[in-house]
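# Geometric and topological summary
As a plain string of letters, each chain reads:
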Amino acid sequence: MGTPVNIIVGSHVWVADPTLAWIDGQVVKINREEAEIHVSNGKKVVAKLSEVYPKDLEAPPAGVDDMTKLSYLHEPGVLQNLKTRYELNEIYTYTGNILIAINPFQRLLHLYNSHMMQQYKGAPFGDLSPHVFAIADVAYRAMINETKSNSILVSGESGAGKTETTKMLMRYLAFLGGRSSTEGRTVEQQVLESNPVLEAFGNAKTVRNNNSSRFGKFVEIQFDKHGRISGAAIRTYLLERSRVCQISDPERNYHCFYLLCAAPQEEIQKYKLGSPKTFHYLNQSNCYELVGVSDARDYLATRRAMDIVGISEKEQEAIFRVVAAILHLGNIDFAKGKEVDSSVLKDDKSKFHLKTVSELLMSDPKALGDALLKRTMITPEEVIKRSLDPLNAVVSRDGLAKTLYSRLFDWLVDKINVSIGQDPNSKSLIGVLDIYGFESFKHNSFEQFCINFTNEKLQQHFNQHVFKMEQEEYTKEEINWSYIEFVDNQDVLDLIEKKPGGVIALLDEACMFPKSTPETFTSKLYQTYKNHKRLLKPKLSPTDFIISHYAGKVQYQSDQFLDKNKDYVVPEHQDLLSASKCPFVAGLFPSVPEETTKTSSKSSKFSSIGSCFKLQLQQLMETLNSTEPHYIRCVKPNNLLNPAIFENANIMQQLRCGGVLEAIRISCAGYPTRRAFFEFLNRFGLLAPEVIEGNYDEKVACQKILDKVGIKGFQIGKTKVFLRAGQMAELDARRAFILSNAAKAIQRRIRTHYARKRFIELRKIAIYLQSLWRRRLACKLYQQKRREAAAVKIQKILRRYHARKTYKKLCVSVIVLQTSLRAMAARKEYRYRRQTKAAIAIEGQWRCHKASSYYKKLRKAAIITQCRWRGRIGRRELRKLKMAARETGALKEAKDKLEKRVEELTWRLQLEKRMRTAMEEAKTQEISKLQSSLKGMQTKIDEANVLVVKEREASKKAIEEAPPVIKETQVIVEDTKKIDSLREEVERLKASLQREKERADESDRIRAQVQELSEERLKKLEDSDKKIQQLQYSLHRLEEKCSNLESENQVFRQQAVSMAPNKFLSGRSRSILQRGSESGHFGDAKIPLDLHNHSLNLRDLPELEETPQKSLNEKQQENQELLIRCISHHLGFAGNRPIAACIIYKCLLHWRSFEVERTSIFDRIIHTLGHAIEKTQDNNDILAYWLSNASTLLLLLQRTLKASGAEGMAPQRRRSSSITLFGRMTQSFRSTQGVSLAFVNGGMTGGTDTLCQVEAKYPALLFKQQLTAYVEKIYGMIRDNLKKEISPLLGLCIQAPRTSRASLVKGSSRSLANAAAQQALIAHWQGIAKSLQNILDPLEENHVPPFLVRKVFTQIFSFINVQLFNSLLLRRECCSFSNGEYVKAGLAELESWCNNATDEYAGSAWDELKHIRQAIGFLVIHQKPKKTLDELSHNLCPVLSIQQLYRISTMYWDDKYGTHSVSSDVIGSMRVLVTEDSNNTLSNSFLLDDDSSIPFSVDDISKSMGQLIGISDIEPPALIRENSGFSFLLPRAN
C-alpha cells in the first residue's frame, strides 16, 4: 500500500502512533532503512521506511466522497479522509460501490426528508453525495432493469447504527415502490412496527451497546412486476440461544425478562415474579437497569407494538407466561439423591418454582419433575428409565429453557410475517441484512466464536464481490488484469466448518461424550491442527485457543463451549410440552409421529447449536449468492456514544473488522490509483510541457507523460490511467522536484529583481537626501541672519515692554492701595454709625417697654380691685335676688338647649343639601326652597336671640331701676312666649324635613319602577326587531324566488319581442328605444309612453302569447350551438383583445344567461375549452391562445358579475314585484340599457367601465369558478411544459464539460479554438434561453396578460434556482472554481435574456436566482481564507443559510489555481452554528423546495390590468355575422 523508495528528506508522511493510530509529520533525516520524522505534536520519532506512508498535500480540504479517488490508498489516507468528512457532518463515504456510514450520534433530519429522497430518485450512482438512499436506489434500479433480486448487507459492531440504516433503507424503498398498503398501513410501516417486538425478544445489553441485536435479520421486501411493494418477510438467523441461560458481567439477558419484571403489579402477582436479582438467569450479572431507559415504559410500548402487529390479548398473555416460566425454570436447583448418579429438588424454593413453571405452562408438575430428573432409554427388549445427576439435571433444565425461548422467538417471527403479508407471486425482491459485526473482547466465548464465523463467511462473500468489482472495472476500461492476485480466507473457514475435523465438528464430537472436558476438546483441536497457520496456542491457559481471523487474532476461552453447544430436544421435554393444556405452548411443540421419534431419538442426541448455526448460515449464504449484493459498513466513531468524537484506533479496528481495509488491500493488489485523463493531465502535465503544448489526444498525452517519466507496469484504460501502488508517490516526487526547481528559479529571479530594485531606490533616496541636506544648510544660514536681526528688534521692544510693564504695575499698585485704604475708612465709619443708631433704637424700645409694663401692671391692679369690689357688691345683690332669679335661670338653660338643637338641625339640613345635589331638577328646587325657608327661620332665630339679649339687658336695667317682682314677671312671660314660638317653629321644620324625606323616597321608588318598565319595553322592542328582521329575510327570499321566476319568463318574452318586428318592439317601443338612444342617456331619460298602461298590456299580451314556447327554446339552442361551433375555431385577436372571449361575453350578457337559475350554455363553453386544451397539452401556442381568452373572459366576469342577493339590488326587486310583466320588462330595459343595448346600437364607446353590474345566479357563479380553475390549469400546463423542456439542460449546466477543461489545461495559444470552446461551453445555457424565448413568443403573440407571463417566468427561474442550487450542494465536483466560472458565464446568458425580455414580461425573474448567484459568487471570489464569517453571511451571501454556506465552504476545491476555502476558524464557527440550528429545529434541510402552487388569484389579475377592455367595436366572425340571432353583435353608428 505504499513504497519507501520515494520517501526523501522534506516529504510529508504518515507514521504509526500508539494513541492516534496514525499521525502526520515531515521527514527531517534518513538513515538507511530508518527515517527521523518531526510529527505534528512536536515530537520526533524514528520509524522504518517500510512503515511510513506518503501524505497527499493536495488532498481536498473536505476530503473525497469516493476513497478510490485518493491519490494514496492506504490506511492513514482512508482514516484521514473519513475523519475530515465526519468533522463536516458528511457521515457517508464510498469505497467503490461500498458505502461506509459513520454514526453521528445526533439527528441529521435534513439528510432523510422527502426532498432528499426525490433528489436521489433515479440519479446515476456517484453523481450525488454518498448516501444510503443511493445504495437503495441502485439496488432498486438493478432489480427493475435486470429483473434480478438484490440484497443490501448492513454490518457493523453494536452501536454503529445498523438498525437505523436499515430503517432508512426501507423508508426509501417504500418511497420508490409506491404505497401498497394493508389496512391503511404500508408494508414499510408494518415492518418498522414489528421492530419493538423483535428488539424486546432478540436484543440485549452487551459490553459495547445497550441495545445489541443478538440475531441476524434479513428483511425481504417483495415487489410486483410493476415495481411496487407487494409484500415483505422477516427471516431471522443465528439467534444467540445460550444467552438465555448464561450471561457475563456487565451484560444483560434479553430485554423481555427485565420488561416483565417491571410490569404492573397485577401482572407480577399473576406470574409470581419479583426483582430481577431473585432469578438465576438474570443475577449472573450485576447489571439490571440501563441508564435513561424505563423498563416499565418499554413493557407497555412492547404490548402496544404487539397489538399493532396483530397478536391478540390471549396470545400476549401466553407469551409472557412462557417468559415467566423460563425465569422460574432457572431457579430450580438440584441436589444429589439417595441413589448413585441421581438427583432431587434441592429445597422447598425449588419445589415452589417447579410448581409455578407447571402452572404457567399448564402441565403436570410430576411429569415436569420427571422430565428434568430422568431419562428414558428405549431398547429392543424394554424401556429403561435412569436418573440424572445434578450436573446433567442442570444441563437438562437449561436445554429446556433455551428450547422454549427459541421456539417462542420463531413463533413471534412467523406471526409478524403473517401480519405483514407475503406476496407468493412476487417476481423480485430486495433483501436487507442486518447482522452483528466482528467481535473481539477480553473474554471471548462460544457466542463470539459463532459471530466471528458468520463474519468470516460474509467477508469471503464480500471479498469475492470486491474482486468481482475490480474485474468489472478493469474489463470496462479494457486493461489487462490476468496477473492480479486474489487472497481468500477459505483456510479459516475450513478450520472452523470442515467435516470431519473442523472446530465445530470436534466440538460436536466432544459434546457426544459425557466425560469430555474443555481440556480434552482443546487438546484434540491442537492435535488435529498443530501446524495450521491460522490456529495458535496461548502460553498460559490450556483451555484457550487463538484463531487468526481476517480482522485479527482472537483468543477464545473454551470453558463453556461444551455447555453452550448442547442443543438437542429431549423427547421427555417434547412429550411434556406437547401435552400441555395451554394451546399456545402445545403449538410451540407440535407432536412428532412415533416412527420419527424412534428414528430421531439417537440423532437428536447429536444436535448442537454449532451445527444449527452452521446450517442457518449456509442457508443465508445461499440466499445472498442468489442475489446481487450491495454493502453498507456501519462504523461507531467512539465508545462514549457522543457526537463529534472520532477515535482513530477504534475506527481502524472497525474498518479492519468490516473488511474495508481488506477491500483496500485487494484494490492495492491491482491498480489502487485511478485518475481520469483530465485530472492526470491537470496534475502531472508539467512533467512533459511539450506534450501539453502539442495537439495530442488526452489518452496519448497521458501515455507520453508516463513514458517520459519511465514508469513501468501502469495501464491506460478508455477513460482513466491505472497506476500500481507506489507509482503515484513516484510521480508526485518527480512533480515536487520540478516544482522545487521552478520555485528556486523563480526565487532567484525575484531576489535579483528585489535587489536591483532596492539599489535603484537607495540611489534615488541618497541623491534626494543630499539635495534636501544642502537646502537645509542654506535655509539654516538664512534663518540665522534673520534671527540676529529679529533678536535686536526683539530686545528693543522687550526693554520698552518691560519698562512700560513696570510703570503700569506700580501705578496699579498705588491705585489699589488707595482704594483699599479709603474703603477701610468708609467701612469703619459705617460700622460706627450703625452701632450708634442701634443703641438709640434699643434704648427707646427699652424705655417704651418699661413704661408699658408699668401701665399694664397699674391697670391690672385697678381692674382687679374694681372687680373684687364690684363682686362683693354683686354677691350682696345676688343673695337678694337669688330666689327671684332661679326661675329665670331655668328658662335660660332651656333656651340654650333649643338653640343648640336648632344649630344641629341646621347642620343636618346642610348635610342633606350636599347629599341631594345629584337628584333630579324638581328635587333640587324643593331642597333650595327648604334651604331658603331654613335661612329665614335662622334669621328669625337670630332676631329672636337679639331681642332676648336686648330684653335681658332691659330686664337688668329694670331690675336695677324698678321693683324686682314686677320686672321679673314680665321677663318670665316674654321669654316663655319666645321659647314656645321657637319650639313650634322647630316642630314645623321637623315636619317639613320629614315630608321632604318621604317625597324623596317616593321619587326614588317611582324612578326605579319607571326604569324597570323601560327595560321591559326595550326587551320587547328587541324581540320585535328580531321578528321584523326574520320576516324581512323571509320576504326577501320570497321576492328573490319570485324575481328569478319572472326573470326567466322575461328573457323568453324579450326574445319573443325581438323575433316579432311588426309587433311590440316594431311599434311604439322601438321608437322609445330610438329616442332613448338618441338622447345618449337611455338609463336616465323619462319615457313619454306609459308602458304600464293597462290597455296596452291587454292589447299586446295576446300577441306575445301566440309564439309557442317550444320554438323559442329551439331557437335559443340553435344560437348556442352556433356559438359553440364558432368559438371552437381560432378566431384571432382584435388589437390585443381576444375575439372569442369578447363574443362569448356579449352573447351571455345579451341572452341574460347570468340571471337565470338553469342553463346549459356554461357547461358547453367549459366543455369546449377543456376539450381544446386536452388535445394539445404540449402545444404551447394553443395553450397560450386559450389562456389569453380564458383570462380575458374571467376578467370581464369579475368586473360584471355580482352575487345574487346583493344589498344594492334589494330595493329594485321589491319594486319590481308589484308591477306587471311589461312593467318589469321596461324596468329591465332601463337597468340593462348600458349593457346589452349599448352593444346593439353601438352608441356607447366605453368598455366595462360603463357597465352596470349584473346580479348573477348560481350557474353563472359556478361558471366563473370553473373558468378560474381552467386559467390556473392552463397556466400550470405551460409552466410544467417549460420545466420539462429545460430539466435535461439544467443537469448539463451545473457542471462544465470535461473536454472544455482539458482544452483549458492545454493552454491558450489558439485563441480561435478557445473562442469556439467558450461558445461550446455556454451552448446548454443558450439552449435554456432559447426555450424561454420559445415560450415568450407565443405568450406575447396571443396577448396573454403580462401579469401572467411574469408569474410564469418568475416560477421558472425559481425552478432553475432550486435545481442548480440543490445539484451544487449534492455534487462536490460542481463546487470548484472553474465550474463556478462556467455557471457564472451561463447565468450571464440568462441575465441577458431577462434584459431583452424587458421588465414587462421578465419582471423580477432574475431576482429568483439569488441562491445560485450568491453560491457561484462564493466559488469564484478570490482570497477566501481572508474572509470572515460576518463578511460571508452579511455581504457576500446574505440569502444563504449558515448550513448552506457551511456545506459549500467544505465542499469547495480549486481546480484552477489550487487555492483553499475559507479559514478553519470560520469553518469551526459555522459548525457551531449549524449544530445549534440542528438542535433547535425539527427539520433543517439545506436544500431548497420547488414551489409548484398557483401564485395568483382572480383579484390579482384584475388589479394588474388597470385599464378597461373595450369590446363594443369587436367585429363578429363570419360564421355568425349573417345570422339574425346575432345581430346585436354588429357594431352600429351613433
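It should be noted that the structure appears before, not after, this text.
Just so it is clear, the model here is predicted, and its values are computed rather than measured.

### Examining the overall build of the protein
- If you tally the helices and strands in the protein, you get 50 helices and 30 strands.
- Within the protein, the proportion of its 1534 residues that are buried is 47%.
- Taking the contacts inside the protein whose residues are at least 6 apart along the sequence as the reference set, 72% of them involve residues at least 24 apart.
- Entry remark: accessible area of the protein is about 80,200 Å², with carbon and sulfur atoms responsible for 54%.

### Comments concerning the nonpolar core
- Residues Phe-201, Phe-257, Ile-632, Leu-655, Phe-1353 and Leu-1390 are the most contacted members of the largest nonpolar core, which totals 264 residues.
- Per element, the largest residue contribution to this core is 15 residues, and it comes from helix α43 (residues 1346-1370).
- Contacts of Phe-1353, omitting those with residues within four sequence positions, involve Leu-1282, Leu-1332, Ile-1335, Leu-1336, Leu-1339, Trp-1393, Tyr-1401 and Ala-1405.
- Core analysis: the second largest hydrophobic core is formed by 50 residues, Met-469, Leu-495, Tyr-526 and Tyr-529 among them.

### A look at the packing of helix α42 (residues 1323-1341) against α43
- Contact pair α42 / α43: the axes reach a minimum separation of 11 Å and the direction vectors enclose 160 degrees. With respect to α43, the axis of α42 lies roughly antiparallel. α42 and α43 meet at a crossing whose hand is right-handed. Between α42 and α43, the residues in contact are Trp-1325, Ile-1328, Leu-1332, Ile-1335, Leu-1336 and Leu-1339 and Val-1349, Phe-1353, Ile-1356, Phe-1357, Ile-1360 and Leu-1364, respectively.
- Grouping the amino acids of the contact of α42 with α43 by side-chain chemistry returns 12 nonpolar, no polar and no charged.

### Details of the sheet that holds strand β21 (residues 544-549)
- Judged by pairing direction, the sheet is antiparallel, and its three strands sit side by side in the order β20-β21-β22 without closing on themselves. Edge strands, defined here as strands with exactly one partner in the open sheet, are β20 (535-536) and β22 (552-557).
- In this structure, β20 lies alongside β21, joined through two bridges in antiparallel fashion. Counted as the bridge partner of Leu-535 is Ile-547 from β21.
- Strands β20 and β21 of the sheet are contacted by helix α15 (residues 490-497), whose axis makes an angle of about 150 degrees with β21.
- Across the sheet, helix α17 (residues 518-528) is in contact with β20 and β21; its angle to β21 comes to roughly 45 degrees.

### Observations regarding the environment of Leu-1183
- Assignment of secondary structure puts Leu-1183 in helix α36 (residues 1180-1200).
- Judged by relative accessible area, Leu-1183 falls into the buried class, the value being 0%.
- Between the C-alpha atoms of Leu-1183 and Ile-1278, which are 95 residues apart in sequence, the distance is 7.0 Å.
- When sequence neighbours within four positions are dropped, the list of residues in contact with Leu-1183 reads Ile-1173, Thr-1176, Gln-1177, Ile-1274, Met-1277, Ile-1278 and Asn-1281.

### Brief notes about the packing of aromatic side chains
- Applying the stated criterion across every chain, the model contains 35 aromatic pairs.
- With 4.9 Å between their ring centres and 15 degrees between their planes, Phe-133 and Tyr-172 make a pair best called stacked. Here Phe-133, found in helix α3 (residues 132-146), pairs with Tyr-172, found in helix α4 (residues 162-176); they are 39 residues apart in sequence, far enough to count as distant. No difference in accessibility class separates Phe-133 from Tyr-172, as the two residues are buried.
- Between Phe-1347 and Phe-1496, the aromatic rings sit 6.3 Å apart at their centres with planes inclined by 80 degrees, giving edge-to-face as the arrangement. Residue Phe-1347 is located in helix α43, and its partner Phe-1496 is located in the loop between α48 (1464-1480) and α49 (1498-1504); the two are separated by 149 residues in the primary sequence. Like Phe-1347, the residue Phe-1496 is buried in the burial classification.
- Among the aromatic residues, ring-to-ring pairing joins Phe-446, Phe-449, Phe-521, Phe-545, Tyr-556 and Phe-561 into one connected group.
- Just above the ring of Tyr-258 sits the side chain of Arg-252; from NZ or CZ to the centre is 3.9 Å.

### Here's the deal with the side chain of Ser-428
- Inspection of the secondary structure puts Ser-428 in strand β19 (residues 428-434).
- Given the relative accessible area of 8%, Ser-428 is considered buried.
- For Ser-428, the residues in contact, after removing those within four places along its chain, are Met-143, Ser-149, Ile-221, Gln-222 and Phe-223.

### A few points about the pairing of strand β7 (residues 98-102)
- Across the five residues that make up β7, a large majority, five, are buried.
- By the alternation rule, side chains of β7 split into Ile-98, Ile-100 and Ile-102 and Leu-99 and Ala-101, which are all buried.
- Pairing geometry for strand β6 (residues 92-95) and β7, over four bridges, is antiparallel. Bridge pairing in β7 places Tyr-94 opposite Leu-99.
- Counting the residues between successive antiparallel strands, the hairpin from β6 to β7 contains two residues, one of them, Gly-96, with a positive phi of roughly 70 degrees.

### Overview of empty space enclosed by the protein
- Enumeration over the complete set of coordinates arrives at 19 cavities of 30 Å³ or more.
- Lining the largest cavity are 15 residues, and of these Ser-155, Gly-156, Phe-438, Cys-657 and Gly-658 sit closest to its centre.
- Mapped onto the lining of the largest cavity, the elements with two or more residues apiece are α14 (446-477), β23 (628-635) and α23 (648-657).
- Classifying every residue of the lining of the largest cavity by side-chain character gives six nonpolar, seven polar and two charged.

### What to know about a positive patch on the surface
- Taken together, the side chains of Lys-793, Lys-796, Arg-800, Arg-804 and Lys-808 present a region of like positive charge at the surface.
- Of note, Arg-804 is situated in helix α28 (residues 727-915).
- What makes Arg-804 exposed here is its relative accessible area of 52%.

### Digging into a negative patch on the surface
- On the surface, a cluster of negative charge is made up of Asp-1181, Glu-1340, Glu-1341 and Glu-1400.
- Positionally, Glu-1341 belongs in helix α42.

### Topic: helix α16 (residues 503-512)
- The buried fraction of α16 is high, at seven of 10 residues.
- Along α16, the residues that are buried comprise Val-503, Ile-504, Leu-506, Leu-507, Asp-508, Ala-510 and Cys-511.
- Residues of α16 that are buried sit in contact with α14, α15, α17, α18 (561-565) and α22 (609-625).

### Here we look at the pairing of strand β13 (residues 216-223)
- Of all eight residues in β13, eight are buried, a share of seventy percent or more.
- Here β13 shows no split at all, with Gly-216, Phe-218, Glu-220 and Gln-222 on one side and Lys-217, Val-219, Ile-221 and Phe-223 on the other all buried.
- Hairpin connection of β13 to strand β14 (residues 229-237): five residues between the antiparallel strands, including Gly-227 at a positive phi of 85 degrees.

### Some details on the sheet that holds β19
- Spatial ordering of the open sheet is given by β6-β7-β23-β8-β19-β13-β14, a layout of seven strands whose pairing is mixed. Looking along the sheet, the strands with just one partner apiece sit at the ends: β6 and β14. Mean inter-strand twist for the sheet, computed between neighbouring axes without regard to direction, equals 20 degrees.
- Docked against the sheet, α22 engages β8 (150-155), β13, β14 and β19, running at close to 150 degrees with respect to β14.

### Side note on helix α44 (residues 1377-1402)
- Taking 1.5 Å per residue, 26 residues should reach 38 Å; α44 reaches only 30 Å between its end C-alpha atoms and comes up short.
- The largest bend in α44 comes to about 65 degrees, at Asn-1396.
- Two or three places before Asn-1379, at the opening of α44, Ser-1376 has a side-chain oxygen 3.3 Å from that residue's backbone nitrogen.
- Phi turns positive one or two residues past the end of α44, at Gly-1403, with a value near 60 degrees.

### A closer look at the side chain of Arg-1371
- Tracing the chain through its elements places Arg-1371 in the loop between α43 and α44.
- A distance of 3.2 Å separates a polar side-chain atom of Arg-1371 from the backbone oxygen of Asp-127.
- Apart from the residues lying within four places of it in its own chain, the contact partners of Arg-1371 are Asp-127, Leu-128, Ser-129, Gly-1291, Ile-1294, Gln-1295 and Met-1451.

Conventions used here
- Residues numbered from 1 in each chain as written.
- Predicted model: local features only at pLDDT ≥ 70, side-chain atom pairs only at ≥ 80, totals over all residues.
- Heavy atoms only, no water.
- Helix = DSSP H or I, 4+ residues; strand = E, 2+ residues; numbered from the N terminus.
- Buried < 20%, exposed > 50% of the residue type's maximum accessible area, 1.4 Å probe, protein only.
- Contact = heavy atoms within 4.5 Å.
- Areas by Shrake-Rupley, 256 points an atom, 1.4 Å probe, with all protein chains shown as cover.
- Core = buried A, V, L, I, M, F, W, Y, C linked by side-chain atoms within 4.5 Å.
- Axes fitted to C-alpha atoms, helices over the stretch in contact; angles between N-to-C directions.
- Parallel < 35°, antiparallel > 145°, perpendicular 65-115°, else oblique.
- Left-handed = near helix turned anticlockwise from the far one by under 90°.
- Nonpolar A, V, L, I, M, F, W, Y, C, P; charged D, E, K, R; others polar.
- Pairing = 2+ DSSP bridges.
- Phe/Tyr/Trp six-rings, centres within 6.5 Å; stacked < 30°, edge-to-face > 60°.
- Lys NZ or Arg CZ within 6 Å of the ring centre and 35° of its normal.
- 1 Å grid on protein atoms, 1.4 Å probe; cavity = no way out; pocket = protein on both sides within 12 Å on 5 of 7 lines; lining within 4 Å.
- Points joined across faces, edges and corners; volume = space filled by probe spheres on them.
- Patch = residues over 30% accessible without salt bridge, like charges linked within 9 Å, V, L, I, M, F, W, Y side chains within 5 Å.
- Salt bridge = Lys/Arg side-chain N within 4 Å of Asp/Glu carboxyl O.
- Lys, Arg positive; Asp, Glu negative; His and termini not counted.
- Charge placed at Lys NZ, Arg CZ, Asp CG, Glu CD.
- Expected span 1.5 Å × (residues − 1).
- Bend = angle between axes of the 7 residues up to and from the residue.
- Polar contact = N/O pair within 3.5 Å; in protein donor to acceptor, adjacent residues only side chain to side chain.

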